[in-house]
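# Summary of structural features
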Amino acid sequence: MTSLEQNHAETHYQLRSCSSKEVHIAIAVAEWNNDITFALRDGALAALEASGVPTENIKVAYVPGAFELTYAAASFLQAETLYDAVIILGCVIRGETSHYDCICDGVSYGITSLNRNASAPVIFGLVTTENKQQALDRAGGKLGNKGTEAALTALKMIDFSCEINQ
């Protein structure tokens, strides 16, 4: 099995430095391209559940499109509940105009900016593709599920945070 195949096969992660039962995770999901984003959400939820995170410790919220994901992530970081990680899930498929570039750049810069000073990691789960088939391939298709990968990344970053704060 190649490392790429192994990454796609990974469906759970065992926290080493903190208890999965005490972890709180927020997930912001874009409704645009919801056939893709809801599959990403389902992959993330399945990975978190398989890793022992209680469903009541996971908050899922929906925003209209990918551009609104930065606002959603910032809102989660400022919420009364202290989230250990925030995951954003969205899908942007290239069209005939420069709108694709504007949205992808805006979300990328927004999430990077949040991560600079955030109290918790913000995980980038934005699928950016040239066409619908490429998006389907990354939402549970032949290239795995980027939502699952985002959830596992969140858990690994929570572990990182626990390790450096001990």
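Since we're looking at a predicted model, the values are computed, not measured. The residue numbers shown here count from 1 along each chain, following its written sequence. The predicted nature of this model means local features are confined to residues of pLDDT at least 70 and side-chain atom pairs, given and counted, to a pLDDT of 80 or more, with totals for whole chains, interfaces and linings taken over all residues. The basis for every side-chain value is the complete set of non-hydrogen atoms in the structure, without hydrogens or water.

## Structural notes on the nonpolar core
Grouping buried Ala, Val, Leu, Ile, Met, Phe, Trp, Tyr and Cys residues that are joined through side-chain atoms within 4.5 Å yields what is termed a nonpolar core. Buried residues are those whose accessible area, probed at 1.4 Å on protein chains only, stays under 20% of the maximum for their type, while exposed residues exceed 50% and partly exposed ones sit between those limits. Within the largest apolar cluster, 28 residues are counted, with the highest numbers of intra-cluster contacts made by I25, I27, L48, I87, L89, L155 and I158. Helix and strand labels come from DSSP, where a helix needs a run of H or I of at least four residues and a strand needs a run of E of at least two; each type is numbered from the N terminus. If you list the elements that add at least two residues to this core, you get β1 (25-30), α2 (34-50), β3 (85-93), β4 (122-129) and α6 (146-164). Considering every element that reaches this core, the biggest residue donor is α6, with seven residues. Once you skip the residues sitting within four places of it in the chain, L155 turns out to touch Y13, L15, I25, L48, S51 and V53. Grouped together as the second largest cluster of nonpolar side chains are 24 residues, A66, V92, I103 and L114 included. Contact between two residues is taken to exist if any of their heavy atoms lie within 4.5 Å; hydrogens are not considered.

## Observations concerning the UniProt feature "active site" (unreviewed entry) in the chain
UniProt positions are given in the numbering used here, feature names are shortened, and annotations may be inferred rather than shown by experiment. Following the UniProt record, the feature "active site" (unreviewed entry) maps to H99 here. Inspection of the secondary structure assignment puts H99 in helix α4 (residues 99-117).

## Details of the sheet that holds strand β2 (residues 58-63)
Think of it this way: DSSP has to see at least two bridges between two strands before they count as a pair. In space, the four strands of this open sheet follow the order β2-β1-β3-β4, with parallel pairing throughout. The sheet is open, and its two borders are formed by β2 and β4, each paired with just one other strand. Within the sheet, the average angular offset between the axes of one strand and its neighbour, ignoring direction, is 15°. Pairing between β3 and β4: eight bridges, direction parallel. From the neighbouring strand, I93 faces β4, where its bridge partner is T129. Note on geometry: axes are lines fitted to C-alpha atoms, helical ones only across the stretch in contact, with angles between N-to-C directions running from 0 to 180 degrees.

## Concerning a nonpolar patch on the surface
On the surface, a nonpolar cluster with roughly 280 Å² of combined accessible area is contributed by M157, F160 and I164. Assignment of secondary structure puts F160 in helix α6. Residue F160 is classed as partly exposed on the basis of its relative accessible area of 42%. Patch membership requires over 30% relative accessible area and the absence of a salt bridge. Like charges are linked within 9 Å, and nonpolar side chains (Val, Leu, Ile, Met, Phe, Trp, Tyr) within 5 Å. Reported accessibility uses the Shrake-Rupley method at a 1.4 Å probe radius. Residues are deemed covered only where the shown protein chains occlude them. Salt-bridge detection follows one rule: a side-chain nitrogen of Lys or Arg within 4 Å of a carboxyl oxygen of Asp or Glu.

## Some points on unusual backbone geometry
Look at N33: it is not a glycine, yet its phi comes out positive at around 60°. Looking at where N33 falls in the secondary structure, it is placed in the loop between β1 and α2.

## Side note on the state of the cysteines
The term disulfide refers to a covalent linkage connecting the sulfur atoms of a pair of cysteines. Whenever a pair of cysteine sulfur atoms sits within 2.5 Å, that pair is classed as a disulfide. The full count for this structure, using the stated rule, is one disulfide. Shown here is the disulfide that connects C18 with C162, its sulfur atoms set 2.4 Å apart. The sign of the 95° torsion about the S-S bond sets the C18-C162 disulfide as right-handed. Of this pair, C18 sits in the loop between α1 (3-9) and β1 while C162 is found in helix α6, placing the two residues 144 residues apart along the sequence. Cysteine C91 shares no disulfide, and the gap to the nearest cysteine sulfur, in C104, comes to 9.2 Å.

## Observations concerning the layout of surface pockets
A cavity here means a set of 1 Å grid points, computed over protein atoms only, where a 1.4 Å probe fits but cannot escape. A pocket is an open set with protein on both sides within 12 Å along at least 5 of 7 lines, and lining residues have an atom within 4 Å of a point. Grid points are joined across faces, edges and corners, and a volume is the space filled by probe spheres set on the points. What the largest pocket holds in volume is close to 300 Å³. Looking at the largest pocket, it is lined by 17 residues, and the ones nearest its centre are D84, S119, P121, S161 and N165. Residue contributions to the lining of the largest pocket peak at six residues, all from α6. Looking at the lining of the largest pocket, its residues break down into eleven nonpolar, four polar and two charged. The computed volume of the second largest pocket comes to approximately 210 Å³. Counting only elements with at least two residues in the lining of the second largest pocket, the list comes to β3 and α4. Classes in brief: Ala, Val, Leu, Ile, Met, Phe, Trp, Tyr, Cys and Pro nonpolar; Asp, Glu, Lys and Arg charged; the others, Gly included, polar. Considering only residue class, the lining of the second largest pocket consists of eight nonpolar, five polar and one charged.

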